[in-house]
Amino acid sequence: MTTTFDQLADDVLAGSPATTEDALAVLRAPDDELMSVVAAAGRLRRAHFGNAVKVNYLVDLKSGLCQENCNYCSQAIGSAAPILKYSWLSQDAALAQAGAGLEGGASRVCMVASGRGPSTRDIDKVAEMAGALKRQHPDVEICACLGLLKDDQAERLKAAGVDAYNHNINTAESHHHNIVQTHTYADRVDTVRKAKDAGLSPCSGLIAGLGESDEQLVEALFALRELGADSIPVNFLLPFDGTPFENTWELTPARCLLILAMARFVCPDKEVRIAGGREVHLRSLQPIALHVANSIFLGDYLTSEGQAAEADLEMIRDNGFVVLGSEQDLAQRAAGPVIRRRGAGTDLLPNA
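Heads up: these notes are all about the structure in this document. (Residues numbered from 1 in each chain as written. Predicted model: local features only at pLDDT ≥ 70, side-chain atom pairs only at ≥ 80, totals over all residues. Heavy atoms only, no water.)

Turning our attention to the pattern of salt bridges. Inspection of every chain in the model, using the stated rule, returns 18 salt bridges. For lysine 54, the salt bridge goes to glutamate 271, with nearest N and O atoms at 3.6 Å. Taken as a pair, lysine 54 in strand β1 (residues 52–62) and glutamate 271 in strand β8 (residues 271–274) lie far apart in primary sequence, 217 residues in all. Classification of lysine 54 as buried rests on a relative accessible area of 9%. Of the charged contacts in the structure, one is a salt bridge between arginine 278 and glutamate 279, with a shortest N-O distance of 3.7 Å. Both residues of the pair, arginine 278 and glutamate 279, belong to the buried class. One network of salt bridges, with partners in common, ties together Lys54, Arg108, Glu141, Glu271 and Arg273. (Salt bridge = Lys/Arg side-chain N within 4 Å of Asp/Glu carboxyl O. Helix = DSSP H or I, 4+ residues; strand = E, 2+ residues; numbered from the N terminus. Buried < 20%, exposed > 50% of the residue type's maximum accessible area, 1.4 Å probe, protein only.)

Right, let's get into the pairing of strand β3 (residues 141–145). The element β3 is largely enclosed, with a buried count of four among its five residues. Judged from the five bridges that link them, strand β2 (residues 108–113) and β3 form a sheet pairing that is parallel. Residue pairing for β3: arginine 108 is matched across the bridge by glutamate 141. Between the parallel pair β2 and β3, the chain is carried across by helix α5 (residues 120–136), and the sense of this crossover is right-handed. (Pairing = 2+ DSSP bridges. Right-handed = clockwise from strand over helix to strand, strands pointing away.)

Along the chain, the position of isoleucine 316 falls in helix α12 (residues 309–318). Contacts of isoleucine 316, omitting those with residues within four sequence positions, involve Val53, Val55, Leu290, Ile296, Phe321, Val322 and Val323. (Contact = heavy atoms within 4.5 Å.)

Counted by the stated rule, this structure contains one aromatic pair. Relative to tyrosine 301, the ring of phenylalanine 297 lies with its centre 6.2 Å away and its plane at 80 degrees, an arrangement referred to as edge-to-face. For the pair phenylalanine 297 and tyrosine 301, one class covers both residues: buried. (Phe/Tyr/Trp six-rings, centres within 6.5 Å; stacked < 30°, edge-to-face > 60°.)

With that out of the way, let us pick up α5. For α5, built from 17 residues, the straight-helix expectation of 24 Å at 1.5 Å per residue is met to within 8% by its first-to-last C-alpha distance of 25 Å. Looking only at α5, the buried set comprises Asp122, Ile123, Val126, Ala127, Met129, Ala130, Gly131, Ala132 and Leu133. Each element contacted by the buried residues of α5 is listed here: β1, α4 (91–103), β2, β3 and α6 (153–160). (Expected span 1.5 Å × (residues − 1).)

So yeah, pure geometry; function would need other evidence.
If you want it as structure tokens, here you go:
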């Protein structure tokens, strides 16, 4: 018997976009339908991404010392979280960090710096790092995450070899004022659009567990669909001590899984990335989440530790997936058609 979620998957595969009502139904699925939701969303994941998992690696170029008051962030002004704080890494140190992630199986390096937004000098630093990284690893994808962009900065990054730009909207527009007051939701959207207009792949996602309603989670995902985000990191709040959200624990593993499934139904052909907080909140359901999402961060995050990189890769292998771009991934891809160069119409003997 076809379930409601199977039918939704059929409709989405046939080209009918999920509605806000569909998304709410996914998010509010009862526990006894959890695996039905996963199975249906997994059909969309397989249709668009096969059995490959994209592996991303974060390089934290500058940590802490931020003047913005994002209430969830351990790096924000006023945060008393005992995190690492340092100014810009040297280019050699940044390249060494990136190289470690690439050797571990990553295909995209995310170069991140705290702060409201980059200065011209900051853009020059990242541009030089990106150029050097591309020379060492020509096939690497580089994503920059430097905060709010000014005019012409995205173009400078693009010219230097940066492929994508991350700037999360984090939450629904209707909830944004509860989360941060030093910049607006419109500021964030403007940066995503600047990146997209410059030819950078727009990477923008959200943080779940910020006191938002079901309707606001749906609102945020539909905003991301409207923005045309190519990759959507789904973060789960880590309530650091010393931040306004300390001791905020709203999420369960099942809830996190449904949020990822909703993202897949709403944005079926986009990269859905399981991002910060997955180890803490998904816990034993992390492997199941791979059947919905098609991308993860490898190892550690910006100010929190992740599980061991080898454990991540083992989880991918054990669940029948392959790392995107790996030998196993390339070997299973069908070879393209071979153009005939012999037989009729040529001077060579036929293959007969």
